[in-house]
Amino acid sequence: MRAVGTMRRSTRYVALVAVLAVVVLGAGLWQWRAADGDQGLRYAAMRDTVTVEGRQDIVVMNSLDTTQVQAGLAAWLSVSTGTLHDQLGQVSDADKKTLGSSGAKTTGKVVDAVLTELDDRAGTARMIASVELNV
């Protein structure tokens, strides 16, 4: 008789553990699914991506090897927009030659940067940064 009672308790214990496991799994799946559509998470991921890309673009805009002026200007054009982009596209051949003859090489390094604005609907962002320049 004792063996039958122990077996029933073991079966109940296993069933209880199985039910708890299903409940925990269900709750976890529900939370995961709820987080998948969370706009706050998407915005945070976008903010992080924009911050990384912004830092990289700041490095590009603050770096120039004058032995490769054309490549440097092309890099600047690839990361700039608006009026600055237009101005960079109009650099004269004389200015390019002057830059090339200087023999300087400038490398920018972002020490710290932070987004001050991010408008995902307009596709715009503003960032402030401190940059270390080595010439």
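For the structure, see preceding data.
**Overview of the layout of surface pockets**
Then, number 1: Space inside the largest pocket adds up to approximately 330 Å³.
Then, number 2: For the lining of the largest pocket, the leading source of residues is helix H2 (residues 39–61), giving four residues.
Then, number 3: Each residue belonging to the lining of the largest pocket can be placed in one class, and the counts come to four nonpolar, four polar and one charged.
Then, number 4: Considering only enclosed or pocket space, the second largest pocket measures out at about 200 Å³ in volume.
Then, number 5: Lining the second largest pocket are Met46, Val50, Glu53, Leu115, Leu118, Asp119, Asp120, Gly123, Thr124, Ala125, Arg126 and Met127.
Then, number 6: Counting only elements with at least two residues in the lining of the second largest pocket, the list comes to H2, strand E2 (105–119) and strand E3 (124–134).
Then, number 7: With four residues, the single largest contributor to the lining of the second largest pocket is E3.
Then, number 8: Broken down by class, the residue content of the lining of the second largest pocket amounts to six nonpolar, two polar and four charged.

**Things to note about the side chain of threonine 51**
Then, number 1: Along the chain, the position of threonine 51 falls in helix H2.
Then, number 2: In this structure threonine 51 comes out as buried when scored by relative accessible area, which is 18%.
Then, number 3: Engagement of the side chain of threonine 51 in a polar contact is seen with the backbone oxygen of arginine 47, the distance being 2.8 Å.
Then, number 4: Once residues within four sequence positions are removed from consideration, threonine 51 is found in contact with Leu115 and Met127.

**Brief notes about the sheet that holds E3**
Then, number 1: Pairing is antiparallel in the open sheet, where three strands are placed in the order E1-E2-E3. The open sheet has two free edges, formed respectively by strand E1 (64–65) and E3, since each of these has just one partner strand.

**Structural notes on the packing of helix H3 (residues 69–79) against helix H5 (residues 93–102)**
Then, number 1: Look at H3 against H5: their axes get within 10 Å of each other, and the N-to-C directions meet at 115 degrees. On the side of H3, the interface is formed by Val69, Gln70 and Leu73, while H5 contributes Lys96, Leu99 and Gly100.
Then, number 2: Considering only residue class, the contact of H3 with H5 consists of three nonpolar, two polar and one charged.

**A closer look at the packing of H2 against H3**
When two helices pack together, their arrangement is captured by the angle between the axes and the distance separating the axes.
Then, number 1: Packing of H2 against H3 leaves a shortest axis separation of 9 Å and a crossing angle of 150 degrees. Along this stretch, H2 crosses H3, giving a crossing that reads as left-handed. Judged by residue contacts, Asp57, Val60 and Met61 of H2 engage Ala75, Trp76 and Val79 from H3.
Then, number 2: Residues that form the contact of H2 with H3 fall into these classes: five nonpolar, no polar and one charged.

**Side note on the pattern of salt bridges**
Then, number 1: All told, the structure shown has three salt bridges when counted by the stated rule.
Then, number 2: Aspartate 93 is the partner of lysine 96 in a salt bridge, and the nearest nitrogen-oxygen pair spans 4.0 Å. In this pair, lysine 96 and aspartate 93 both sit in helix H5, three residues apart, roughly one turn of the helix.
Then, number 3: When its relative accessible area of 62% is taken as the criterion, aspartate 93 is described as exposed.

**Examining the nonpolar core**
Then, number 1: By size, the foremost hydrophobic cluster in this structure holds five residues: Leu64, Val69, Leu73, Trp76 and Leu88.
Then, number 2: At three residues, the largest contribution of residues to this core is made by H3.
Then, number 3: Apart from the residues within four sequence positions on either side, tryptophan 76 is in contact with Val60, Met61, Ser63, Leu64 and Leu88.

What counts, and at which threshold
Residues numbered from 1 in each chain as written. Predicted model: local features only at pLDDT ≥ 70, side-chain atom pairs only at ≥ 80, totals over all residues. Heavy atoms only, no water. 1 Å grid on protein atoms, 1.4 Å probe; cavity = no way out; pocket = protein on both sides within 12 Å on 5 of 7 lines; lining within 4 Å. Points joined across faces, edges and corners; volume = space filled by probe spheres on them. Helix = DSSP H or I, 4+ residues; strand = E, 2+ residues; numbered from the N terminus. Nonpolar A, V, L, I, M, F, W, Y, C, P; charged D, E, K, R; others polar. Buried < 20%, exposed > 50% of the residue type's maximum accessible area, 1.4 Å probe, protein only. Polar contact = N/O pair within 3.5 Å; in protein donor to acceptor, adjacent residues only side chain to side chain. Contact = heavy atoms within 4.5 Å. Pairing = 2+ DSSP bridges. Axes fitted to C-alpha atoms, helices over the stretch in contact; angles between N-to-C directions. Left-handed = near helix turned anticlockwise from the far one by under 90°. Salt bridge = Lys/Arg side-chain N within 4 Å of Asp/Glu carboxyl O. Core = buried A, V, L, I, M, F, W, Y, C linked by side-chain atoms within 4.5 Å.

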